[in-house]
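Descriptive analysis of the structure
The lines below spell out each chain.
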Amino acid sequence: LAGFPQIAYDRMAIMEWQFNTPFLEELCDFRPLPRRSGRTLQFYGQTPFAAATYDLTEGIPGPSLQLNQVFSDAFADEYGDWIGISNVAQQMFLADITLDASRNLSYRGALTANLIAINAFEAAAVAQSSARIDLLDNEFMLSNTIRKSESQLMGNAVPGRDGGMYTSAMHPYVVYDFMSDNSAGSAVDTLKRSEGGAAVLKTDMTRGYSVLEWAGVRIIRTQTVPTYSNYPSVGKTGYATYIVGREA
């Protein structure tokens, strides 16, 4: 038949592969920036006092103390993109093309916000070596590494996030190393000894966004962590893992 249709079009787009973008939502804290008040928001905090080392003489007040404050700034910048859609595409395409455009722009916005937070964490880690643990060549993410990170945060009086726990963003490859650690006292060694833990090992590793809680740290799996070429040695790639507390 001359008018027989030649192509059958599926009006539903194939699902694209998108990364998790947890950095802004899970690892950052939000403060309001009032409208019409400038583009820079300044935060301040107190430097805590140490314990007093002297006693007072009867009737004589001690020396006056001085409040010491530290501050930092957040600059409100703007990011934006757009997609032009012609009348022909709007009216004649087999599906609503504006939905595809909105979905893709939303994902780009999520990636952008995620990257801004990552850059801030990277800058902080570079500026302060005590906030960083550099693993050596052929040294992988172990259960004990998480314990060490949690202990260092607690040792510096860093407050926990939701539920009093710290939050970690970890690449799936690093999660694999972490879950391959079967040494005594590791996460796998602990989980396998209970029915509920064994169920986690069998199922949640493949479908879970938040993998598990271990040593006071909630681990979130994401593909968007930075990588470092030729680290820790030539020809290898290193992956960043972040473990943060409140108002990091």
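Residues numbered from 1 in each chain as written. Predicted model: local features only at pLDDT ≥ 70, side-chain atom pairs only at ≥ 80, totals over all residues. Heavy atoms only, no water.

Quick notes on the environment of T112
- The topology assignment puts T112 in helix α3 (residues 97–127).
- With relative accessibility at 24%, the residue T112 sits in the partly exposed group.
- Considered as a pair, T112 and L24 are 88 residues apart in the sequence and their alpha carbons are 10.0 Å apart. (Helix = DSSP H or I, 4+ residues; strand = E, 2+ residues; numbered from the N terminus. Buried < 20%, exposed > 50% of the residue type's maximum accessible area, 1.4 Å probe, protein only.)

Here's the deal with the packing of aromatic side chains
- By the definition in use, this model includes five aromatic pairs.
- Here F23 and F121 contribute two aromatic rings whose centre-to-centre distance is 6.4 Å and whose plane-to-plane angle is 55°, an arrangement assigned as tilted. Here the residue F23 occupies a position in helix α1 (residues 23–27), and F121 occupies one in helix α3, the gap between them amounting to 98 residues.
- Ring centres 5.6 Å apart and planes at 85° place the aromatic pair Y173 and Y239 in the edge-to-face group. (Phe/Tyr/Trp six-rings, centres within 6.5 Å; stacked < 30°, edge-to-face > 60°.)

Structural notes on the confidence of the model for the protein chain
- Overall, the prediction assigns the protein chain a mean pLDDT of 91, with 98% of residues at 70 or greater.
- Considering each helix and strand of the protein chain separately, the mean pLDDT is smallest for helix α7 (residues 195–207), with a value of 77, and largest for strand β3 (residues 166–170), with 96. (pLDDT = per-residue confidence, 0-100.)

Here's the deal with the side chain of T222
- Note that T222 resides in the loop between β5 (217–221) and β6 (227–229).
- Only 2.9 Å separates the side chain of T222 from the backbone oxygen of N20, close enough to count as a polar contact.
- Apart from the residues lying within four places of it in its own chain, the contact partners of T222 are N20, P22, F23, A169, M170, H171 and P172. (Polar contact = N/O pair within 3.5 Å; in protein donor to acceptor, adjacent residues only side chain to side chain. Contact = heavy atoms within 4.5 Å.)

Description of helix α5 (residues 172–180)
- Those residues of α5 that sit buried are V174, V175, F178 and M179. In a view along the axis of α5, the buried residues occupy a sector of 135°, so they form one face of it. Residues of α5 that are exposed and angled more than 90 degrees away from the buried face: Y173 and Y176. (Arc of directions from axis to C-beta.)

With respect to the pattern of salt bridges
- A full pass over the atoms with the stated rule returns 13 salt bridges.
- One salt bridge in this structure joins R108 and D81, with 2.5 Å as the shortest N-O distance. Here R108, found in helix α3, pairs with D81, found in the loop between β2 (69–75) and α2 (87–92); they are 27 residues apart in sequence, far enough to count as distant.
- Note that D134 and R132 form a salt bridge whose closest N and O atoms lie 3.2 Å from each other. (Salt bridge = Lys/Arg side-chain N within 4 Å of Asp/Glu carboxyl O.)

What to know about the sheet that holds β5
- With mixed pairing, the four strands of this open sheet are ordered in space as β4-β5-β3-β8. What marks the edges here is a single partner per strand, and that holds for β4 (210–214) and β8 (242–244). Taken pair by pair, the neighbouring strands of this sheet meet at an average axis angle of 20°, ignoring direction.
- Here four bridges tie β4 to β5, and the two strands are oriented antiparallel to one another. Counterpart to E213 in the pairing with β5 is R218. (Pairing = 2+ DSSP bridges. Axes fitted to C-alpha atoms, helices over the stretch in contact; angles between N-to-C directions.)

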